[in-house]
Amino acid sequence: TMLVRAQGFHVKEVDVLPGMRLSLQSHEKRAEHWIVIAGEASVTRGDEDLTLKPNESIFLPIGVRHRLENRG
């Protein structure tokens, strides 16, 4: 769900159902900053596999492959 769209940034809400994940992707023209609101997120960032809990965040630099997964 698009929450805010302004010049230079977008704020989106992404719900990932248990057992689901987003596709592995990278972006050549933008970085991303993800914040976990609820639950537990498994994040792939390059060669790293990380787990984020509510109120934790992660920065995804331009060109780095990334994915969000809900293993719950």
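None of these values were measured; they are calculated from a predicted model.

## Some points on the pattern of salt bridges
No. 1: All told, the structure shown has three salt bridges when counted by the stated rule.
No. 2: Between R45 and E48 there is a salt bridge, with its nearest N and O atoms 2.8 Å apart.
No. 3: Assessed through its relative accessible area of 35%, E48 is described here as partly exposed.
No. 4: The partner of E69 in a salt bridge is R71, with the nearest N and O atoms 3.5 Å apart.

## A few points about the pairing of strand β3 (residues 32-35)
No. 1: Here β3 shows a clear split, with E32 and W34 buried on one side and none of H33 and I35 buried on the other.
No. 2: Relative to strand β6 (residues 57-60), β3 is paired through four bridges, and the arrangement is antiparallel. The residue of β6 that forms the bridge with W34 is I58.

## Remarks on the sheet that holds strand β7 (residues 66-69)
No. 1: Here three strands make up an open sheet; going across it, the order is β5-β4-β7 and the pairing antiparallel. A single partner strand is all that each edge strand has here, and the edge strands are β5 (48-52) and β7. The average undirected angle you get between the axes of adjacent strands in this sheet is 20°.
No. 2: Sheet analysis places strand β4 (residues 41-45) next to β5, joined by five bridges and oriented antiparallel. By the bridge assignment for β5, V43 is matched with L50.

Conventions adopted
Residues numbered from 1 in each chain as written. Predicted model: local features only at pLDDT ≥ 70, side-chain atom pairs only at ≥ 80, totals over all residues. Heavy atoms only, no water. Salt bridge = Lys/Arg side-chain N within 4 Å of Asp/Glu carboxyl O. Buried < 20%, exposed > 50% of the residue type's maximum accessible area, 1.4 Å probe, protein only. Helix = DSSP H or I, 4+ residues; strand = E, 2+ residues; numbered from the N terminus. Pairing = 2+ DSSP bridges. Axes fitted to C-alpha atoms, helices over the stretch in contact; angles between N-to-C directions.

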